[in-house]
Amino acid sequence: MVDSPVVGQCECGAVAGPLGTCVDYYHAILSEEQTDPRMYRWHALVVCAYLLQHPSRAHEKYLDAQFRQLQLYVDQGLDALLRVGARQVARNKHGARSNHGMEPLAAYAPLPQGGPPGYFRATFCGLPVRDGSFVSDGHLAYGQRVETIAEATVESWRSVAPGAL
């Protein structure tokens with residue numbers, strides 16, 4: 001929990017779940033990804049959504065690109081996001097640093113300056129964990145839940161009125 005005036009409530013406004021606050025869920029997901037590579041398909045979505053829902057834990061200079069990545073995902077799907085990520089990795093291997101590979105994301109709205117939102121309809125604290133796993137009911141079900149969090153994150157940031165803090 002970061003800067004939350006309410007005990008048991010997360011920065012994103014969520015009430016702590018059985019594992020704790022969203023940071024506990026985030027770390028558990030990252031840990032489970034290490035033992036289940038199929039979960040890694042949704043890694044970029046998890047990272048972007050978590051940091052946009054908890055911006056005090058993020059590097060501010062990356063939040064705009066992370067917001068644009070979530071918009072790309074919502075607009076074009078996971079395969080498109082994975083292609084952009086693979087392209088960026090390839091560019092980095094060749095030493096390209098100019099513009100940080102933002103060309104595919106240029107069509108998407110920048111991060112609103114009036115945020116962060118105080119509420120997200122879907123958060124990490126709401127993810128079900130069964131038998132210590134986020135994928136106990138299958139990888140596609142897990143992916144759909146991560147998709148819901150990503151969509152809710154974009155939705156909430158888009159609703160931020162400029163100048164509202």
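Below or above, wherever it landed, is the structure these notes cover.

### Overview of the environment of D137
Looking at where D137 falls in the secondary structure, it is placed in the loop between α4 (78-93) and α5 (139-158). When residues no more than four places from it in sequence are discounted, the contact partners of D137 are R130 and R145. Here R145 takes part through its side chain, which lies 2.9 Å from a polar atom of the side chain of D137.

### Some thoughts on the nonpolar core
In summary, soluble globular proteins display a tendency toward joint burial of nonpolar side chains. If you look at the biggest cluster of nonpolar residues, it comprises 45 residues, and the most contacted ones within it are C22, I29, L45, L70, F124 and Y142. Those elements that place two or more of their residues in this core are α1 (22-35), α2 (43-53), α3 (60-76), α4 and α5. Element by element, the count of residues in this core is highest for α2, at eight residues.

### Considering α2
The buried count for α2 comes to nine of eleven residues, which makes it a mostly enclosed element. Along α2, the positions that sit buried rather than exposed are L45, V46, V47, C48, A49, Y50, L51, L52 and Q53.

### Description of α5
For α5, built from 20 residues, the straight-helix expectation of 28 Å at 1.5 Å per residue is met to within 8% by its first-to-last C-alpha distance of 28 Å. Those residues of α5 lying buried are H139, A141, Y142, G143, V146, I149, A150, A152, T153, V154, S156 and W157. Contact partners of the buried residues in α5: α1, α2 and α3.

### Topic: the pattern of salt bridges
Enumeration according to the criterion identifies six salt bridges in this entry. With a closest N to O distance of 2.7 Å, D79 and R41 form a salt bridge. Of this pair, D79 sits in helix α4 while R41 is found in the loop between α1 and α2, placing the two residues 38 residues apart along the sequence. Classification of D79 as partly exposed rests on a relative accessible area of 44%. For R41, a relative accessible area of 39% gives the class partly exposed.

What counts as what
Residues numbered from 1 in each chain as written. Predicted model: local features only at pLDDT ≥ 70, side-chain atom pairs only at ≥ 80, totals over all residues. Heavy atoms only, no water. Helix = DSSP H or I, 4+ residues; strand = E, 2+ residues; numbered from the N terminus. Contact = heavy atoms within 4.5 Å. Polar contact = N/O pair within 3.5 Å; in protein donor to acceptor, adjacent residues only side chain to side chain. Core = buried A, V, L, I, M, F, W, Y, C linked by side-chain atoms within 4.5 Å. Buried < 20%, exposed > 50% of the residue type's maximum accessible area, 1.4 Å probe, protein only. Expected span 1.5 Å × (residues − 1). Salt bridge = Lys/Arg side-chain N within 4 Å of Asp/Glu carboxyl O.

Worth remembering: the numbers are spatial, not functional.
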